[in-house]
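Here is what each chain is made of, one letter per residue.
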Amino acid sequence: MSGPVRTTDTPPDGREAAVALPVVELTPSKTAQLGTQTIHRSLPTRLRRTVGAWCFLDHAPPGEPVPSAPGVQVGPHPHIGLQTVTWVLSGEVVHTDSLGSEQTIRPGELNLMTAGNGIAHAEQTPTSSSDDVHLIQLWVAQPDRTRDGQPAFEHHGELPLVEFERARATVLVGRFAGASSAARVDTDHFGADLVLDRGTTVVPLQRDHEHAVVVVSGSITVDGTTVGPDVLTYLGLGRDELAIEAHEDTRLFLLGGVPFETRPLMWWNFVARTHDEIDAAYRDWQTGSDRFGPVSSTLDIVPAPTPPWMQQGETFRRP
Ligand code: MN
């Protein structure tokens, strides 16, 4: 017997899962409660682990204001093998990390953190901030080429804008409609925030990218399918352009990329390939190893949950 054998234990990698032809495949987001904040998670889904290298999309709409702890209050926690793309639609968040970075992010700005072999960070809305926080955080899986590399942090206060007749796009990462973001990309992928007036806008796409749209507010029709907020609208490969009909003032996220080289293994805040790699990251975080340095934050450190496949006796409680 020769050739690859796929069993139920070996789910498809990014290239096998990608749909070679234009499609419209809808998957509603899952919701989770984080304090008073409702989170809509559009990626990953059971069907779609990746769109290009994009492997995670959380949308946190404005929550109920809590004066003592507004917006985002996430204490020091680790990451490996991914980039976090933080995009604020309203309010502000202060990022601190184990490289010593401290960066406030405001609407129109991009925070891009590359974890590589390991980084830790905290994200916190200052108590002085009165604006409700409306936030999108995405993760990009790092390819084998860079995922064991050094951690890094970038802030981009200025991002390229593209004007259409009835739409405006901000290019967060990669290249879209002739404009390129200066943010680091380790694979061929892009992400753009589009604000559309009512009517139809045709945007250029790349034939060798798979694409997806997530509406943040408003509603659109693509290829005869109407979709509202927080639904992963997967569009497949093979498109040169996309006609988006907005039924009202609409804001959406457009993601694209060459299908990812493999199927990343995601658990908690780690993106890896094997359980052993996850176990090592879990142990290194729980034992306070140098792999993840200290983070300046007034918030409590977030302990890792125990990987469900671990035997009792292999687990660690943080000292
Ligand atoms: Mn994080």
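Residues numbered from 1 in each chain as written. Predicted model: local features only at pLDDT ≥ 70, side-chain atom pairs only at ≥ 80, totals over all residues. Heavy atoms only, no water.

A. Structural detail: the nonpolar core. Counting 33 residues, the largest nonpolar core has Trp-54, Val-85 and Leu-138 as the members making the most contacts within it. Every element with two or more residues in this core is listed here: β4 (54-60), β6 (82-90), β9 (110-114), β11 (134-141), β14 (167-173), β19 (210-217), β22 (231-236) and β24 (250-257). The leading source of residues in this core is β11, at five residues. Setting aside its immediate chain neighbours within four residues, Trp-54 contacts Leu-43, Arg-49, Val-85, Leu-138, Trp-139, Val-140, Val-173, His-189, Phe-190, Gly-191, Leu-255 and Gly-256. (Core = buried A, V, L, I, M, F, W, Y, C linked by side-chain atoms within 4.5 Å. Buried < 20%, exposed > 50% of the residue type's maximum accessible area, 1.4 Å probe, protein only. Helix = DSSP H or I, 4+ residues; strand = E, 2+ residues; numbered from the N terminus. Contact = heavy atoms within 4.5 Å.)

B. Region of the structure containing helix α3 (residues 275-286). The end-to-end C-alpha separation of α3 is 16 Å, in line with the 16 Å expected for twelve residues at 1.5 Å each. When we look at burial in α3, the residues that qualify are Ile-278, Asp-279, Ala-281, Tyr-282, Trp-285 and Gln-286. Projected down its long axis, α3 shows its buried positions confined to an angular sector of 165°, all on one face. On its buried face, α3 sits against β5 (73-79), β10 (119-124), β25 (265-267) and β26 (270-272). Directly after α3, the chain includes Gly-288, whose backbone phi takes a positive value near 70°. (Expected span 1.5 Å × (residues − 1). Arc of directions from axis to C-beta.)

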